[in-house]
Amino acid sequence: MMGSREDKKQEILEAFQFRHATKEFDPNKKISEDDFNFILEAARLSPSSVGYEPWKFLIIQNKELRDKLREVSWGARGQLPTASHFIVILARTIKDTKYDSEYVKNQMLSVKQIPEDVFEQMKIRYREFQEEDLNILENERTAFDWASKQTYLALANMMTAAALIGIDSCPIEGFHFNKVQKILAEEGLLEDGHLAVSVMAAFGYRKNEPRPKTRKDRDDIVLWV
Ligand SMILES: Cc1cc2nc3c(=O)[nH]c(=O)nc-3n(C[C@H](O)[C@H](O)[C@H](O)COP(=O)(O)O)c2cc1C
């Protein structure tokens, strides 16, 4: 039996209170395969602008690779050696996210099952959207940042899904982009420049209890107009 609506709201808010940026995990506690698949499913079902799904989730379980990343990731020094599961979230580069790329064509025709003639019409809109409305194609960086933004939705959904089943996490931007890129490219994980590092996330079970949560008041961040 599903709980009442009020119970559900309570449960979700408790998960948001439970979630905190975990600095160090209990190295002896591992997330079960089933639970981790649940977290990955939250990522897979996440929304993305125009449905491009411009992401890839590298699960880094290899110790040597974790050690290498740790040397260039100041924000993950406590998490990399202790996390049960460590994810590097990659975003697709302009090679894939430009409106007329092979990637987009495949995404629309094969994944989203859109008929080819409809896609040809959509492409005209997508060009306008990317070139004029949002100016996404100004340079490689603006294009990449647009794809990278989408990955943060998957990141957030994974962390919330994890918290709902009592699993801790930490989002991580504390790394040297070029150095991480080099390490992953050497491992052949970036599809020849079609992928680049967006953000990282560590999952596991907390070692220590966090400080009580602090946030601004709602009135300071919300404006009704
Ligand atoms: C995109 C992003 C990147 C972050 N990068 C790091 C990081 O590299 N290392 C770290 O320990 N915490 C990192 N944090 C955690 C934040 O510092 C933390 O979420 C914030 O201080 C609020 O605390 P709380 O999440 O415990 O409520 C990051 C958070 C976000 C959203």
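The preceding data block contains the structure.
This one's a predicted model, so the numbers in the text were calculated from it and none came from an experiment.

Conventions and cut-offs
- Residues numbered from 1 in each chain as written.
- Predicted model: local features only at pLDDT ≥ 70, side-chain atom pairs only at ≥ 80, totals over all residues.
- Heavy atoms only, no water.
- Phe/Tyr/Trp six-rings, centres within 6.5 Å; stacked < 30°, edge-to-face > 60°.
- Helix = DSSP H or I, 4+ residues; strand = E, 2+ residues; numbered from the N terminus.
- Buried < 20%, exposed > 50% of the residue type's maximum accessible area, 1.4 Å probe, protein only.
- Near = heavy atom within 4 Å.
- Polar contact = N/O pair within 3.5 Å; in protein donor to acceptor, adjacent residues only side chain to side chain.
- Contact = heavy atoms within 4.5 Å.
- Expected span 1.5 Å × (residues − 1).

### Some remarks on the packing of aromatic side chains
As enumerated under the stated definition, the model contains 6 aromatic pairs in all. Relative to Phe203, the ring of Phe36 has its centre 6.3 Å away and its plane inclined at 75 degrees; by these criteria the two rings are edge-to-face. Of the two residues, Phe36 sits in helix α2 (residues 33-44) while Phe203 sits in strand β4 (residues 195-204), which places them 167 residues apart along the sequence. Residue class for Phe36 comes out buried when judged on its relative accessible area of 5%. Judged by its relative accessible area of 0%, Phe203 is buried.

### A word on the site of the ligand
Taken together, 14 residues lie around the ligand, and Ala21, Lys23, Gly75, Gly174 and Lys213 are the ones closest in. Lys23 places a side-chain nitrogen or oxygen 2.7 Å from an oxygen atom of the ligand.

### Focus: the environment of Glu173
Checked against the element boundaries, Glu173 lands in the loop between β3 (168-172) and α8 (177-186). Sequence spacing of Glu173 and Glu24 is 149 residues, and the spatial spacing of their C-alpha atoms is 16 Å. Residue contacts for Glu173: discarding those within four places in its chain leaves Tyr152 and Val199.

### Digging into helix α7 (residues 140-164)
The terminal C-alpha atoms of α7, which comprises 25 residues, lie 37 Å apart, in line with the 36 Å expected from a rise of 1.5 Å per residue. You can read the cap of α7 off the contacts: a side-chain oxygen lies 2.9 Å from the backbone nitrogen of Arg141, and it is on Asn139. Positive phi shows up at Gly166, right after α7, with a value of about 75 degrees.

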